[in-house]
Amino acid sequence: LEPEMGLTHTTKSIEPPFSVKIEDDSLCKRYTARYIEGLQVTESPQWLQDTLIKSGQRPINNIVDITNYVMLEYGQPLHAFDYETVEGAIIKVRQARDGEQLAGLDGLTHKLKPPMLVIADSSGPIALAGIVGGTETSVSDRTSKIILESANFDPFNTRLTRMAIGEGTESSYRFERGIQPELAIKALDRATNLIMEFTGGKKYSNAIDHSPKVVD
């Protein structure tokens, strides 16, 4: 499949039932996100699984596989949070606080400290920005609503964090080398199209888009 530019799905969009607050915009040049509901989490179509396997990735489920597929298309990592598990329906992009921890999807519990950048909800960190998601908000076969993230994180800070935790990911590899901020919304729309097509999605929200400030 060739990447499609812009949203092509015709379902009526709704207002986002969550908010985004960027507390450190020096480490996050752009943050876009969208709510999608009515999903059915299943295995991906065979063509999608085959594509990921040929690229050295392990198929997981249709939502995660789509985010990884779009990452291969655009070079822009994405992440999906189970909406029902995001406390306070808020996404905060901030530096970690001393003593915070994250149970990661990599099976490890990461001890956090500033200036590591985290994605947090009202209860604490739910992802290590640009590196690894947390287990508490991960997509499962019970998920029917998600917050889909497509963002741009600082390369140097991502590298420092990756070195501190001693582990790299496909996502951190790309962020460390620098990604154009304008790719964030393009990848978000592309992934939305595929999710609506292959997961039975019913509705999606308008995108929340925190862009870098324009300097004259």
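All values derive from a computational prediction rather than experimental measurement.

Colleague: Would you take a moment to explain the packing of helix 2 (residues 62-74) against helix 5 (residues 183-198) for this structure?
Modeller: Packed helix pairs are specified by the crossing angle of their axes together with the interaxial distance, meaning the distance between the axes. Running from N to C, helix 2 and helix 5 cross one another at 140°; their axes reach a closest spacing of 9 Å. Judged by the inter-axis angle, helix 2 sits oblique to helix 5. Like other packed secondary-structure pairs, helix 2 and helix 5 cross with a definite hand, here right-handed. Within the contact between the two elements, helix 2 uses N62, I63, I66, Y69, V70, E73 and Y74 and helix 5 uses L183, K186, A187, R190, A191, L194, I195 and F198.

Colleague: Would you take a moment to explain the sheet that holds strand 4 (residues 90-95) for this structure?
Modeller: Hydrogen bonding along the main chain pairs the strands of a sheet, whether they run parallel or antiparallel. Read from one edge of the open sheet, five strands run 1-4-7-8-9, paired in mixed fashion. Strand pairing shows two members of the sheet lacking a second neighbour, strand 1 (19-22) and strand 9 (132-133), which therefore form its edges. The sheet contact formed by strand 4 and strand 7 (residues 117-121) spans four bridges and is antiparallel. Across the sheet, Q95 pairs through a bridge with L117, a residue of strand 7.

Colleague: What's the story with the nonpolar core in this structure? I'm lost.
Modeller: A general tendency of soluble globular proteins is for nonpolar side chains to be buried together. Among the nonpolar cores identified, the biggest contains 47 residues, and Y31, I91, I119 and F153 are the most heavily contacted of them. Among the elements that line this core, the one with the most residues is helix 5, at eight residues. Residues A96, L102, L112 and I165 belong to the second largest nonpolar core, which totals ten residues.

Colleague: Any chance you could explain the layout of surface pockets here in plain terms?
Modeller: Taking a probe equal in size to a water molecule and rolling it over the atoms shows the remaining empty space. Each pocket or cavity is described by its volume, and for the largest pocket that value is around 850 Å³. Along the walls of the largest pocket sit 35 residues, with V64, N68, H79, L105 and I131 positioned nearest its centre.

Colleague: I would appreciate a short explanation of the pairing of strand 3 (residues 79-82) in the present structure.
Modeller: Working note: regular strand, side chains alternate between the two faces of the sheet. Across the two faces of strand 3 the burial is the same, with H79 and F81 and A80 and D82 all buried. Where strand 3 meets strand 10 (residues 145-153), four bridges bridge the pair, whose relative direction is antiparallel. From the neighbouring strand, H79 faces strand 10, where its bridge partner is E149.

Colleague: Can you help me understand helix 5 in this one?
Modeller: At 3.6 residues per turn, the α-helix brings residues three or four places apart onto the same side. Taking 1.5 Å per residue, 16 residues should reach 22 Å; helix 5 reaches 22 Å between its end C-alpha atoms and fits that length. Counting buried residues along helix 5, 13 of its 16 residues qualify, which places the element largely inside the surrounding structure. Following helix 5 by one or two positions, G200 has its phi on the positive side, about 75°.

Colleague: Is there a simple way to explain the side chain of H110 in this structure?
Modeller: Considering the arrangement of structural elements, one finds H110 in strand 6 (residues 109-111). Residue class for H110 comes out buried when judged on its relative accessible area of 4%. Of note is the side chain of H110, whose polar atom sits 2.7 Å from the side chain of D106. Beyond its immediate chain neighbours, meaning those up to four positions away, H110 contacts E100, Q101, L102, G104, V132, I165 and E167.

Thresholds, definitions, all that
Residues numbered from 1 in each chain as written. Predicted model: local features only at pLDDT ≥ 70, side-chain atom pairs only at ≥ 80, totals over all residues. Heavy atoms only, no water. Axes fitted to C-alpha atoms, helices over the stretch in contact; angles between N-to-C directions. Helix = DSSP H or I, 4+ residues; strand = E, 2+ residues; numbered from the N terminus. Parallel < 35°, antiparallel > 145°, perpendicular 65-115°, else oblique. Left-handed = near helix turned anticlockwise from the far one by under 90°. Contact = heavy atoms within 4.5 Å. Pairing = 2+ DSSP bridges. Core = buried A, V, L, I, M, F, W, Y, C linked by side-chain atoms within 4.5 Å. Buried < 20%, exposed > 50% of the residue type's maximum accessible area, 1.4 Å probe, protein only. 1 Å grid on protein atoms, 1.4 Å probe; cavity = no way out; pocket = protein on both sides within 12 Å on 5 of 7 lines; lining within 4 Å. Points joined across faces, edges and corners; volume = space filled by probe spheres on them. Expected span 1.5 Å × (residues − 1). Polar contact = N/O pair within 3.5 Å; in protein donor to acceptor, adjacent residues only side chain to side chain.

That is the geometry; function is a separate question.
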